[in-house]
Amino acid sequence: MTDPIGTLQQFINEAEHITFFGGAGVSTESGLPDYRSDDGAYTELERQKLDPRRVMSKRYLINYPEKFFNQPNKNKKWIKPEPNAAHLYLAALENKPKDVRIITQNVDRLHQTAGSKLVVELHGNNRHFHCMVCGREYGPKEIQKDEQNIPRCPIDNGIIRADVVLFGENIKPEVLERAKELIASSDLLIIAGTSLTVHPAKNLIHYFTGKRVIVINKTPLTIDLPIDLVIQESVGKTFKKLSI
Ligand SMILES: [Zn+2]
């Protein structure tokens, strides 16, 4: 067990059903800062003396749409993120073919962009939108905004919002159920780039009854599960060293 990358490679090679459970740290190397890091959205709002739990909630969206859609972090220049070595490796592994399942806390769709076919998005995604009145679905390029910068449905003038889980909203039960099933039926669980502090993500990993657990995270994690391998390194850098 002296070479952690070699051991990681061996565990992946030997596994049949791999579940990759990822958080913000999986996307940082794609240019998306961790929500709570210094240049993340959460911290930016706090700098503006705004309470993120309030202004990124469904209640705030409904009561103050003109404020919700005009927050400083919402109008930042959008740089299109690209999948990094971790996203690309996992997609390539699935093509091998190997049964790779992704459960992500990120909303950026980078796993799908890389080519992964089985992705459970715990917090939804920010590339799909729907009208809150009629439910019509919209892509990012189809959205029209009113004079207050609020995205509006041309049919009924309803507010169009991203399919993300806001504060005060719950993860959809069917999404949680699917995540549980995938974790419970895998023999290798890779937990990467997440501090696992947010519920119910924290509880999900307890459904694992398989063979091995790997943690790849810059900071140490305390979880209530025996861990077979810990790699204290960034997720992208780690996957860059692996071969298919
Ligand atoms: Zn509508």
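To be clear, the structure that these remarks concern was listed above.
Structural notes, computed from the coordinates. Model, not experiment: these values are computed from the prediction.

1. A word on the pattern of salt bridges
Now for step 1: Tallying each qualifying case throughout the model produces eight salt bridges.
Now for step 2: Between R47 and E44 there is a salt bridge, with its nearest N and O atoms 3.3 Å apart. In this pair, R47 and E44 both sit in helix α2 (residues 41-47), three residues apart, roughly one turn of the helix.
Now for step 3: Its relative accessible area of 15% is what places E44 among the buried residues.
Now for step 4: The residue R152 makes a salt bridge to D146 at a minimum N-O spacing of 3.1 Å.

2. What about the environment of S57?
Now for step 1: In this fold, S57 is placed in the loop between α3 (52-55) and α4 (58-63).
Now for step 2: Engagement of the side chain of S57 in a polar contact is seen with the backbone oxygen of R54, the distance being 2.6 Å.
Now for step 3: Among the polar contacts made by the side chain of S57, one reaches the main-chain amide nitrogen of Y60 at a distance of 3.2 Å.

3. Structural notes on the pairing of strand β9 (residues 188-192)
Now for step 1: By the criterion of burial, β9 is predominantly enclosed, with five of the five residues buried.
Now for step 2: Residues L188, I190 and A192 of β9 are buried on one face, and the alternating residues L189 and I191, pointing to the opposite face, are buried as well.
Now for step 3: In terms of strand pairing, β9 meets strand β10 (residues 212-216) through five bridges, oriented parallel. Across the sheet, L188 pairs through a bridge with R212, a residue of β10.

What counts and what doesn't
- Once a new chain begins, its residue numbering starts again from 1 and follows that chain's sequence as written.
- Residues qualify for local features only when their pLDDT is at least 70, as the model is predicted, and side-chain atom pairs are given and counted only at 80 or more; totals for whole chains, interfaces and linings, by contrast, use all residues.
- Only hydrogens and water are set aside when side-chain values are computed; all heavy atoms of the structure are taken into account.
- The rule for a salt bridge is simple: a side-chain nitrogen of Lys or Arg has to be within 4 Å of a carboxyl oxygen of Asp or Glu.
- Secondary structure counts use DSSP, requiring at least four H or I residues in a row for a helix and at least two E residues in a row for a strand, with both numbered from the N terminus.
- The buried label applies to any residue whose accessible area, calculated with a 1.4 Å probe on protein chains only, is under 20% of its type's maximum; exposed applies above 50%, and partly exposed to all values in between.
- Nitrogen and oxygen atoms within 3.5 Å of one another constitute a polar contact, given that in protein one can donate a hydrogen and the other can accept it, and given that sequence-neighbouring residues count only through two side-chain atoms.
- At least two DSSP bridges between two strands are needed for those strands to be called paired.

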